[in-house]
Amino acid sequence: MKSQIFRSALLLGTISTAAFACAVNAQVAPQQADEAGTGPASASDIVVTARRREESLQEVPVAVVAFGKDAIVNRQINTESDLQRAVPGLTIRETEGSNQIAYSIRGQTIDAFTGSALAVVPYVNEVQANGNAASNFYDLGSLQVLKGPQGTLFGRNSTGGAVLISTAKPENDNLGSISLSYGNYDYIDVKGMANLALVDDKVLLRIAGNYTYRNGYQRNIFNGGNNLNPRLGITDRGSGRVSLTLKPTEAITNTTVFEYTRTGGNSTSVVPWSVNEPGSTDAITGLPLASSAAFLYSPALDLAAGAGAWAAYLAAHPGANPDGYSAVVARQKGLGPWKVDSTDLHGKMFFKGVNHYVTNTTSIDVSDGATIKNIFGWTRSRSHYNIDEQGAPYLVQCTCNPTSGEYGNLEKTEAFSNELQLQGTILDGNLDYIVGAFYYHSKSLTHWPQVYFDLTPAFPPSVGFAASFNTIDNSKAVYSQVTYRFGALGLDALSLTAGARYTWEKVKLDQRPDGNSYNVPGTFNSLTKKGDKPSWTLGLDYKVNRDLMIYAVTRGSWRSGGVNGVGAMRPTNAAGGGALFDPETAKDVELGLKWAGDLAGARAHFNVAGYKQWIKNVQRAEFPTVDFGDGNGPHSIAVTINVPKAEVKGFEVDAGIMPSDWFELGGNLAYTDATFTDNRVNIFGNLYIFNPYADTAKWAGTAYSVIHLPIPSDAGQLKLRGEVYAQTGQYFSNNDSSITPSTKLPGYALVNMRLEWSEILGSNVSAAAFVSNLTNKEYYVGGLSQGASLGESAAAPGRPRMYGLEVKADF
């Protein structure tokens, strides 16, 4: 009932406000022409804020990919997952399902269950985003992806990059829009926006909303489809946003944005991908591999529990595959990613999430060349979700505790941050500078119930285990960056950029009384990890001519160490049987070229960047089996370890050309060569070997074309866009060469198209037909490997063909 009320209120409010804006606009302001024009903007037209000031994309001497509001729509970038096909070198990886995502840039990412800081940090309006689920992109001003170590300018330190999401700002005009989309899998998407100039150029209000529903695209065939979860991957998400800009004087601008998002439905299930057969051995050490899943869930159960044990198990568990886990894996290859045989013992699958945030940005022009800027942010998120971590017709592991009636993981986070900066230009316009201070504080609650190996009646399932803890994270930093143009020395085309930052981090974790790690003999209920380090950047760029710039930059950054609340609470690292892990550090060198101009009379651009990055103490997750000494036996847990060294090198190319007004052609390509150069780690006294480098495709790229189809000018504009995204295979385990073999996912290619008819018959109405994954290619986007403990690995499915129609009206 609450969901229906929220949905109805959101749609009614959005439509009513847009209609009101339409009426006001008709009386107050004449309709304005589309600023984007009829053709695509050249790269030199795109404005970015990679250096905390507005600049042309082609003028920024680092690798940046940016999209304006029109490009976001045309490229069908509706969620985080859509960014992968638009940004070379960016991977959106999933671990357990469609709602658990992580960014990976140039091989730098965050493993699930590590407690690590993000390697690639997303920001909304320059404030770190802390949502615990996938989200929808709507009414955005721009999307930018920064690559390589970050630290001297943006919020938190990171070793991989940053994703900058800017919501559309209120404008000094009265306007609105509403769009409706409908497609397969009962897809419905409603977006609305109203912009009101309440007081001319003084008080500006913008209201936007979005509701999306899509039925599950993954079918659960357990028990012939007669089960608790017949459809998985259901999206049911509503969001509303209010933005208010105040300009009391010409020198002061204050913008506040509030957004509320509610997410329902459920996540997709991972599907069985590989299993360690009993008697199999590590290809490097020759030691036996964990094979609990294949041994216990098979006729071999009789060897452990006596003759007839497997028959008794099958009689007690209707729908279980009688041929065992190995047969399940073999069968899954034929089922593909969008069918799964998931037992009802996990209970009802669900995802319930609430996320809201406030950002406030105040800019004060204190002189012609100096601005004081303050950025405040507050976020709160809550997610409660039940998932299947194997996708098998047996309960090997469950995010539940049937004994206590708990089903699903619970995660809460509340955070606030404040950043104060002074930026400006001096020395006759030759020196741009920014100095600032940053503070971040977050507190979170994590509660993960677990049960292992339901083999009744042969053996009872393990006693319910729960990881339950609170975490407090504090970060403080001061920073400065300058860019000097050598115009005074007669070298107008040469610029030097230098920046430095010093950060202090503190992470404190407290075990909760309802968790199994509370009051365990020989351990502590509370642990703290502190760290402080510098970050830096140094670069040169040279403007060869009006169209061409070359640059070189080197950077160093880090992400904090911490405490993994699932590990044994001892004040040491995993090698010593503890829960602490050290900071990860990264430095890189990047050489680049950016060109935008005319090529044989056609507008064109060509950007290329080559880089090499060195990483130390790479933070990764591992899943050993540990006995906590709490009397409940051994459990499969996640520990965070530091792999000593890694190197990542590669290049990225982005190019496009518009030979005529009606045709555009372009694409991007990324080559990423990532490897652990010192890959041996001791975990609880056992040697682990890390190879290959997971979640990183060696080759990935997109080719696209845009054709403006000929129709009478008074009929509007008709545009067809087609693109192909392709990548080579990638691994979802860093231990594929040893303890978790067979975790490589195959490469794939996806075809996406959009046909748009805008300004229909001279009106403000447009319509579009769209399709993603036109050929319905089966593919996978990540996985969860627990080969080290349970002896099995599971892969996360991609999306099937999705298509629909869209109608939009601007007021």
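Quick look at the structure, then. Source: prediction; values computed, not measured.

Points about the nonpolar core
Core analysis: the largest hydrophobic core is formed by 41 residues, its most contacted members being I641 and Y693. If you list the elements that add at least two residues to this core, you get β26 (465–486), β33 (602–622), β36 (639–660), β37 (663–678) and β38 (680–683). Here the element with the most residues in this core is β36; it accounts for five residues.

Regarding the state of the cysteines
One pass over the full model with this rule turns up one disulfide. Between the sulfur atoms of C398 and its disulfide mate C400 the distance is 1.8 Å. Its S-S torsion of approximately 125° makes the covalent link between C398 and C400 right-handed. Here C398 matches C400 in class, with each residue buried.

What about helix α6 (residues 325–335)?
Residues lying three or four places apart along an α-helix face the same way, a consequence of the helix completing one turn every 3.6 residues. Of all the positions in α6, only Y325, V328, V329, Q332 and L335 are classed as buried. Viewed end-on, α6 has its buried residues packed into an arc of 115°, placing them on one side of the element. In this structure, α6 carries A330 and G334 as exposed residues pointing more than 90 degrees from its buried face. Phi turns positive one or two residues past the end of α6, at G336, with a value near 80°.

Side note on the sheet that holds strand β6 (residues 120–124)
Hydrogen bonds between backbone atoms are what pair the strands of a sheet, whose relative direction is either parallel or antiparallel. Taken in spatial order, the five strands of this open sheet run β3-β8-β9-β6-β7, and their pairing is mixed. Single-partner strands in this sheet number two, and they are β3 (64–68) and β7 (127–128). Where β6 lies against β7, two bridges are found, and the strand directions are antiparallel. Residue pairing across strands places V124 opposite V127, the latter belonging to β7.

A short note on helix α5 (residues 309–316)
Among the residues of α5, A309, W310 and Y313 are the ones counted as buried. Across the axial projection of α5, the buried residues extend over an arc of 95°, all falling on one side. Among the exposed residues of α5, those pointing more than 90 degrees away from its buried face are A311 and A315. Contact partners of the buried residues in α5: α3 (292–296) and α4 (301–305).

Here's the deal with the side chain of E389
By the secondary structure assignment, E389 is in the loop between β20 (370–386) and β21 (397–398). At 13 Å, R93 is the nearest oppositely charged side chain to E389, a buried residue that forms no salt bridge. In terms of polar contacts, E389 uses its side chain to reach the side chain of Q397, at 3.1 Å. Excluding residues that lie within four positions of it along the chain, E389 makes contacts with E96, F113, V270, Q397, T399, Q450, L784, Q786 and A794.

Digging into the pattern of salt bridges
Evaluated as defined, the whole model comprises 37 salt bridges. Note that E652 is salt-bridged to R106, the shortest N-O span being 2.9 Å. Remark: R106 occurs in the loop between β5 (101–105) and β6 and E652 occurs in strand β36; sequence separation between them is 546 residues. Across the pair, R106 and E652 agree in class, each one buried. Each of the salt bridges in this network shares a partner with another, and the network as a whole consists of R106, K147, R555, D588, E590 and E652.

Side note on the environment of E505
Relative to the helices and strands, E505 is located in strand β27 (residues 491–511). Given a relative accessible area of 6%, E505 falls into the buried group. Taking the C-alpha atoms as reference points, E505 and P583, separated by 78 residues in sequence, lie 9.9 Å from one another. Setting aside chain neighbours within four positions, we find E505 in contact with R156, N157, D473, N474, S475, K529, K530, G531, W558 and S560. Here S475 takes part through its side chain, which lies 3.1 Å from a polar atom of the side chain of E505.

Cut-off values and rules
Residues numbered from 1 in each chain as written. Predicted model: local features only at pLDDT ≥ 70, side-chain atom pairs only at ≥ 80, totals over all residues. Heavy atoms only, no water. Core = buried A, V, L, I, M, F, W, Y, C linked by side-chain atoms within 4.5 Å. Buried < 20%, exposed > 50% of the residue type's maximum accessible area, 1.4 Å probe, protein only. Helix = DSSP H or I, 4+ residues; strand = E, 2+ residues; numbered from the N terminus. Disulfide = S-S within 2.5 Å. Arc of directions from axis to C-beta. Pairing = 2+ DSSP bridges. Contact = heavy atoms within 4.5 Å. Lys, Arg positive; Asp, Glu negative; His and termini not counted. Salt bridge = Lys/Arg side-chain N within 4 Å of Asp/Glu carboxyl O. Polar contact = N/O pair within 3.5 Å; in protein donor to acceptor, adjacent residues only side chain to side chain.

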